Amino acid sequence: MQSQSAMDFLTSKRFITGTLVILVVLNVTLLGMLWWQNTHKPEHRSYRITRQYSKHVYFARPLALSEEQSLQFRQLRKEHFRKVMPDLQAIAALKKDLVSESVKEKPDAAKIAALAGSIGARQTVIEKEQALHFQKLAQVCTPAQRDSLRNILEHIAVRKLQIRDERGKEHPGSIRKFGPAGIGKDR
């Protein structure tokens, strides 16, 4: 008797109609979601862009590098970044430790000095490696390109210093506001 009433329920018009309505609503909902995803792209996508993986050689156009020279520059850049990356990572870790120690209620001055010294030593290694890297880049260049390379590298070094000086002069004594809404913006 129970199996007969269960069969009657499954074959009843009300059950079939209800099931069809639910399936139609689900299909319309899924199709709407697919349409919305394809027409509404997110406004902000975060990409991690690093100079290490850039395939474009920055100096190619200003120096009028040949294709072979561009390939050599790219290879030298990869080698350079591979060589200095451990020091860059170590500096980041040391700076994290330095900040942690600096904000303690009673910071250890000797530990801060040791961390700063370690950062300085690593930075010295990076600067030496960068000079050797520039030397290798210059060896790839013709004499005219070498002069242009020197001018570009000097301009980059001076420009970084000028930017820092300009920031200090534009806002003397200003308080820098940090946080999600105003990262690095002056108040």
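All figures in this text were calculated on a predicted structure; none of them were measured in a lab.

K.L.:
Please provide a residue-by-residue account of helix H4 (residues 67-102), values included.
P.N.:
Taking 1.5 Å per residue, 36 residues should reach 52 Å; H4 reaches 49 Å between its end C-alpha atoms and fits that length. A maximum bend of about 40° is found in H4 at Val-84, where proline Pro-86 lies one to four positions downstream.

K.L.:
So what's going on with helix H5 (residues 109-140)? Residues and values would help.
P.N.:
Taking 1.5 Å per residue, 32 residues should reach 46 Å; H5 reaches 47 Å between its end C-alpha atoms and fits that length. Taken residue by residue, H5 has Leu-115, Ile-119, Ile-126, Glu-129, His-133, Leu-137, Ala-138 and Val-140 as its buried positions. Between the side-chain oxygen at the start of H5 and the backbone nitrogen of Ala-110 there is a gap of 3.1 Å, and the oxygen is on Asp-108.

K.L.:
Could you give me a rundown of the nonpolar core, with the residues and numbers involved?
P.N.:
Core analysis: the biggest nonpolar cluster contains 13 residues, and Phe-59, Leu-63, Leu-65, Phe-73, Leu-137, Cys-141 and Leu-149 have the highest contact counts within it. In this structure, Val-84, Leu-94, Ile-119 and Ile-126 belong to the second largest nonpolar core, which totals six residues.

K.L.:
Go over the packing of H4 against H5, please, and point to the residues and values.
P.N.:
In a packed pair of helices, the relevant descriptors are the angle between the two axes and the axis-to-axis distance. In contact at an axis separation of 9 Å, H4 and H5 are set at 170° when each is read in the N-to-C sense. One element, H4, and the other, H5, form an angle in the roughly antiparallel class. Residue composition of the contact of H4 with H5, by class: 16 nonpolar, eight polar and ten charged.

K.L.:
Please set out a nonpolar patch on the surface residue by residue, giving values where relevant.
P.N.:
The grouping of Phe-15, Ile-16, Leu-20, Ile-22, Leu-23 and Leu-26 at the surface amounts to a nonpolar patch, some 550 Å² of accessible area in total. Positionally, Ile-22 belongs in helix H2 (residues 13-39). Residue Ile-22 is classed as exposed on the basis of its relative accessible area, which comes to 52%.

K.L.:
Give a description of the pattern of salt bridges that names residues and reports values.
P.N.:
Across all of its chains, the model carries five salt bridges by this definition. Where Lys-104 meets Glu-101, a salt bridge forms, and the shortest distance between an N and an O atom there is 2.9 Å. Its salt-bridge partner being Lys-111, residue Glu-101 comes within 3.7 Å of it at the nearest N-O pair. Here Glu-101, found in helix H4, pairs with Lys-111, found in helix H5; they are ten residues apart in sequence, far enough to count as distant. The class of Glu-101 is buried, set by a relative accessible area of 4%. For Lys-111, a relative accessible area of 39% corresponds to the partly exposed category.

Procedures and definitions
Residues numbered from 1 in each chain as written. Predicted model: local features only at pLDDT ≥ 70, side-chain atom pairs only at ≥ 80, totals over all residues. Heavy atoms only, no water. Helix = DSSP H or I, 4+ residues; strand = E, 2+ residues; numbered from the N terminus. Expected span 1.5 Å × (residues − 1). Bend = angle between axes of the 7 residues up to and from the residue. Buried < 20%, exposed > 50% of the residue type's maximum accessible area, 1.4 Å probe, protein only. Polar contact = N/O pair within 3.5 Å; in protein donor to acceptor, adjacent residues only side chain to side chain. Core = buried A, V, L, I, M, F, W, Y, C linked by side-chain atoms within 4.5 Å. Axes fitted to C-alpha atoms, helices over the stretch in contact; angles between N-to-C directions. Parallel < 35°, antiparallel > 145°, perpendicular 65-115°, else oblique. Nonpolar A, V, L, I, M, F, W, Y, C, P; charged D, E, K, R; others polar. Patch = residues over 30% accessible without salt bridge, like charges linked within 9 Å, V, L, I, M, F, W, Y side chains within 5 Å. Areas by Shrake-Rupley, 256 points an atom, 1.4 Å probe, with all protein chains shown as cover. Salt bridge = Lys/Arg side-chain N within 4 Å of Asp/Glu carboxyl O.

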